[in-house]
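Chain by chain, the residues:
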Amino acid sequence: MPEQKSLNELNIGEEFTAFLITTKSEVKTTKNGKPFLSLELRDKSTVMPAKVWSNFDEVIDKIKEGAIVKVAGIIEDYAGTLQIRVDKIRLANEKDNVSSEDFLPKSIRPLNEMIDEFNSVITSITNPYLNLLLKKIFSGENFNKFCRTPAGKSWHHAYINGLLEHTLEIIKICDLMAVLHPEINRDLLISGALLHDFGKTEELSYENFFDYTDKGKLIGHIVLSAIEIEKNILQIEGFPEDLKNQLLHLVLSHQGKLEFASPVEPKTLEAIVLYQADELSAKTNAYKFAIEADKNRGNKWTRFLQLANTSLYIPDNFQGEE
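Keep in mind it's a predicted model, so treat the numbers as computed, not measured.

A. Region of the structure containing the pattern of salt bridges. Taken as a whole and assessed by the stated rule, the structure comprises 17 salt bridges. Between glutamate 279 and lysine 283 there is a salt bridge whose closest N-O contact spans 3.1 Å. Of this pair, glutamate 279 and lysine 283 both sit in helix α10 (residues 269-294), four residues apart, roughly one helical turn.

See below:
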């Protein structure tokens, strides 16, 4: 792919030309009835809304979700949100030598390192039923998909290998709490941490860009995780009923509140810890990347973050990701 400036490095008023991938495409009209092309475009650094106000008749039927385009435009501030005003746009072709992989962000942690760490965690589970269950679920193509899947569409760990990275972060937090509080059933807690988001392998698609699958929208990753656990437990003779119920409770309650899509709220010591560990990992990652996205804009604060319900302070010495 040709070298180009990242979207999160561009400033308001800066003109640029770049290859980007389309994640949304829709024809809309202004209050005066004038049609325009409303897009959402991304590179590895961020996603940004874009508007094409004229001369888009020839490409309107070609620019669909997943289409790679070459854009010439300028960065604007619209109601506190950065967007691209597109002056020229065309579909990429073979001569451009670009592919969807060029636009998918990826964890900076080496994949092999994370896989080794993940496998060592499974080995550390001494309960024979939980150990066997984990080995059954995290094997073959299931494990390959788990390693590649992002942890979210846009909010946290929203990059290839993000689910694996997020899971390992949660395990470190849970392990610390198990040391501080020996009353915690460490095998149960860590097994719940390993399995809590497994359903995201079916909830999210990530071939050309990150989005929810039909199955993900209809069922959701929490229930998909529980279904996979129940299915595999049925294949393990003698798996204790109480252990199964506590493990399923960890998965079903890990988002903490009914209004946050958890079917139940945490009711065990291990479930409380997993919920808080999940929150800590997710929000730290999300806030870090929100600061990273806005740190070059010349402001001391990020834009207002809808999911955080606040803006975030940007320290002068913030380093961010390499």
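B. Structural context of unusual backbone geometry. Although it is not a glycine, asparagine 55 adopts a positive phi angle of roughly 55°. Summarising the element assignment, asparagine 55 is placed in the loop between β3 (47-52) and β4 (68-78). The phi dihedral of histidine 157 falls on the positive side, at around 45°, and the residue is not glycine. Here histidine 157 lies in the loop between α3 (140-148) and α4 (162-180). Its relative accessible area of 0% is what places histidine 157 among the buried residues.

C. Here's a closer look at the sheet that holds strand β5 (residues 81-91). Taking strand neighbours around the barrel as the criterion, the five strands line up as β1-β2-β3-β5-β4 in a closed arrangement whose pairing is mixed. Sheet twist, expressed as the average angle between the axes of neighbouring strands with direction ignored, equals 50°. Pairing of strand β1 (residues 15-29) with β4 involves seven bridges; the strand directions are antiparallel. Paired with phenylalanine 16 across the two strands is glycine 73, which belongs to β4.

D. How the structure looks around the packing of aromatic side chains. Counted according to the given criterion, the structure contains 13 aromatic pairs. Plain terms: the ring middles of phenylalanine 138 and phenylalanine 146 are 5.0 Å apart, the flat faces sit at 75° to each other, and that makes the pair edge-to-face. Exposure remark for phenylalanine 138: the relative accessible area of 8% places this residue in the buried category. Between phenylalanine 143 and phenylalanine 146 the ring centres are 6.5 Å apart and the planes differ by 15°, which places this aromatic pair in the stacked class. You can see phenylalanine 143 and its partner phenylalanine 146 sitting in helix α3, three residues apart, about one turn around the helix. The exposure classification of phenylalanine 143 matches that of phenylalanine 146, with both residues buried. A connected cluster of aromatic rings, assembled from ring pairs, spans Phe118, Phe138, Phe143, Phe146 and Phe198.

E. Inspection of a nonpolar patch on the surface at higher detail. A cluster of nonpolar side chains, namely Leu218, Ile219, Val223 and Ile227, defines an oily patch on the protein surface of about 370 Å² accessible area. Within the secondary structure, leucine 218 is located in helix α7 (residues 214-218). Of the residues examined, leucine 218 reaches a relative accessible area of 75% and is grouped as exposed.

F. Broad picture of the packing of helix α2 (residues 128-137) against helix α5 (residues 186-195). Running from N to C, α2 and α5 cross one another at 10°; their axes reach a closest spacing of 11 Å. The orientation of α2 relative to α5 falls into the category roughly parallel. In contact with Leu130, Leu133, Leu134 and Ile137 of α2, α5 contributes Asp187, Leu188, Ser191, Leu194 and Leu195. Tallied by class, the residues present in the contact of α2 with α5 amount to seven nonpolar, one polar and one charged.

G. Summary view of α5. Most of α5 sits out of view: nine of its ten residues are buried. Looking only at α5, the buried set comprises Asp187, Leu188, Leu189, Ile190, Ser191, Gly192, Ala193, Leu194 and Leu195. Here α5 starts with a cap whose side-chain oxygen sits 3.3 Å from the backbone nitrogen of aspartate 187, and that cap is asparagine 185.

H. Summary view of helix α8 (residues 221-233). With 13 residues, α8 extends 18 Å from end C-alpha to end C-alpha; this agrees with the ideal 18 Å at 1.5 Å per step. By the burial criterion, the buried members of α8 are His221, Ile222, Leu224, Ser225, Ala226, Glu228, Ile229, Asn232 and Ile233. Where α8 is buried, its residues contact α2, α3, α5, α6 (200-203), α7 and α9 (241-252).

Conventions and cut-offs
- Residues numbered from 1 in each chain as written.
- Predicted model: local features only at pLDDT ≥ 70, side-chain atom pairs only at ≥ 80, totals over all residues.
- Heavy atoms only, no water.
- Salt bridge = Lys/Arg side-chain N within 4 Å of Asp/Glu carboxyl O.
- Helix = DSSP H or I, 4+ residues; strand = E, 2+ residues; numbered from the N terminus.
- Buried < 20%, exposed > 50% of the residue type's maximum accessible area, 1.4 Å probe, protein only.
- Pairing = 2+ DSSP bridges.
- Axes fitted to C-alpha atoms, helices over the stretch in contact; angles between N-to-C directions.
- Phe/Tyr/Trp six-rings, centres within 6.5 Å; stacked < 30°, edge-to-face > 60°.
- Patch = residues over 30% accessible without salt bridge, like charges linked within 9 Å, V, L, I, M, F, W, Y side chains within 5 Å.
- Areas by Shrake-Rupley, 256 points an atom, 1.4 Å probe, with all protein chains shown as cover.
- Parallel < 35°, antiparallel > 145°, perpendicular 65-115°, else oblique.
- Contact = heavy atoms within 4.5 Å.
- Nonpolar A, V, L, I, M, F, W, Y, C, P; charged D, E, K, R; others polar.
- Polar contact = N/O pair within 3.5 Å; in protein donor to acceptor, adjacent residues only side chain to side chain.
- Expected span 1.5 Å × (residues − 1).

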